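# Coordinate analysis (summary)
Residues per chain are reported as follows:
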Amino acid sequence: MGEMRKDYVLERTVIVSNKTKKSSNDKKCPYCPGNESMTNPSLLSLVAKDGMLQRLQDSEDDFVKNWSVRVFESANPAVSTSAQNSYSDRPLYSEPAYGYHYVVVASSKHSDTLATIDIEQWSNVLVVIQDRLRWLYTQKGVTYVSIFVNHGKEAGSNVDHAHINIVSFSNIPPIIEDESESSHKFLNERGLCPMCQTVTTETGGPRQILQTEGFIAFCPWAPSHQFEFWICPKKHSTSFSKITQKEINDLSLILRSTLGGLLKNSKGASFNLAFHLSPEKKNSKQIHWHIEVYPLTNFWSGLERGYGVFLNGTSPETDAKSLGAASRKELANLVGIE
Ligand SMILES: [Zn+2]
Ligand SMILES: [Zn+2]
Ligand SMILES: [Zn+2]
């Protein structure tokens, strides 16, 4: 399988794999009910029965039917537990791309998206993700677990059916390392968590989109993308793995409302969504966890690619206004307020 290489001097990380591209003559959606044999067998299929959710799993020749959420190992994994030994030192640094890659299918209906499924379905999806996350951190060789969404071709998805990726790494990804380093430094110098300070700054301000009981959604001060927004717990919390069912329900409400609001504003543009959680190994530096959503309404220019400077054609204040209006409408519809 793949190897994880680093730049000659920078921390930039690249997974290099020689994937044999599968011929995609098959027009059938591998994530739709009835096509379960096109994916790896499920490790978990949630099935509603008599008002309860049963946790079942595929056996070798028998696929669980009537599922509402389905989890299996990716057929096209970014990392693998059978990664070859490929250790080498700088300047040609490499290590095996070791880890687990799971796909969580968020609905049995092909036409559903993460911006249209109901809150209860979102909660079920989040519970399943939280379970996987906790289990992964008990496994050897798991230093960090990433949870992310690729929605649409431009966002790197080759399957057009609502799903979420969970990928583990044997080291901490560069952006998380940066965020936790900077947070730690900020905390040491000023005595408070930078995200707690951000929540105070953004609450009720011109970039706020929506608030629920425990979460706030806002467009960040310096967004790298048009309509970019973040969702974070209002109270200091270091990982999604520790939150309660009640908090999961609350998170579902804000996620569904804001993604619904985004859908209305971006005309269904592709987007990526990433959970930024603290690493859970002992002594690792912590961050106030949050979710970042990057809508892909524009292409990058040479400034972004060549210099890491982002050009943004609209202000986050303008974006927050239209996202806020649409998201509040979604929320009102979801909770049944006219
Ligand atoms: Zn499908
Ligand atoms: Zn905090
Ligand atoms: Zn972040």
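Residues numbered from 1 in each chain as written. Chains lettered and ligands numbered in written order. Predicted model: local features only at pLDDT ≥ 70, side-chain atom pairs only at ≥ 80, totals over all residues. Heavy atoms only, no water.

Turning next to the coordination of the zinc ion (ligand 3). Here the zinc ion (ligand 3) is held by E179 (OE), E179 (OE), H276 (ND1), H290 (NE2) and E292 (OE), and the distances to it run 2.0 to 2.5 Å. Counting gaps between the donor residues of the zinc ion (ligand 3) yields the pattern E-x96-H-x13-H-x1-E. Of this pair, H276 sits in strand β13 (residues 271-276) while H290 is found in strand β14 (residues 290-295), placing the two residues 14 residues apart along the sequence. Of the two residues, H276 and H290, neither departs from the other in class, the shared state being buried. (Donors = N, O, S within 2.8 Å, 3.2 Å for Na, K, Ca; no water. Helix = DSSP H or I, 4+ residues; strand = E, 2+ residues; numbered from the N terminus. Buried < 20%, exposed > 50% of the residue type's maximum accessible area, 1.4 Å probe, protein only.)

Right, let's talk about the nonpolar core for a bit. Nonpolar side chains in soluble globular proteins tend to end up buried together. F240, L251 and L259 are the most contacted members of the largest nonpolar core, which has 56 residues in total. It is helix α1 (residues 119-136) that contributes the most residues to this core, 8 residues altogether. By size, the runner-up hydrophobic cluster in this structure holds 10 residues, among which are C29, C32, W67 and V159. (Core = buried A, V, L, I, M, F, W, Y, C linked by side-chain atoms within 4.5 Å.)

Bringing the environment of F218 into the picture now. Relative to the assigned elements, F218 resides in strand β11 (residues 215-218). Residues F218 and W230, 12 residues apart in the sequence, show an inter-C-alpha distance of 5.6 Å.

Attention now goes to the packing of aromatic side chains. Remark: the centre distance and the inter-plane angle together describe each pair of aromatic rings, the angle taken between the planes. All told, the structure shown has 10 aromatic pairs when counted by the stated rule. For the pair Y100 and Y102, a centre-to-centre distance of 6.2 Å together with 15 degrees between the ring planes defines the contact as stacked. Assigned by exposure class, Y100 and Y102 land together as buried. On the basis of an interplanar angle of 80 degrees and a centroid distance of 5.7 Å, the ring pair of Y100 and W135 is categorised as edge-to-face. With Y100 in the loop between β6 (94-96) and β7 (101-105) and W135 in helix α1, the pair connects residues that are 35 residues apart, well separated along the chain. We classify Y100 as buried; its relative accessible area is 14%. By the ring-pair criterion, three or more aromatic residues cluster together here, those being F215, F240, F275 and W289. Note that K6 overlies the ring of Y93, its terminal NZ or CZ placed 5.3 Å from the centroid. If you follow R132 out to its NZ or CZ, it ends over the ring of W135, 4.8 Å from the centre. (Phe/Tyr/Trp six-rings, centres within 6.5 Å; stacked < 30°, edge-to-face > 60°. Lys NZ or Arg CZ within 6 Å of the ring centre and 35° of its normal.)

It is worth stressing that arrangement in space is one thing and function is another; only the former is reported here.
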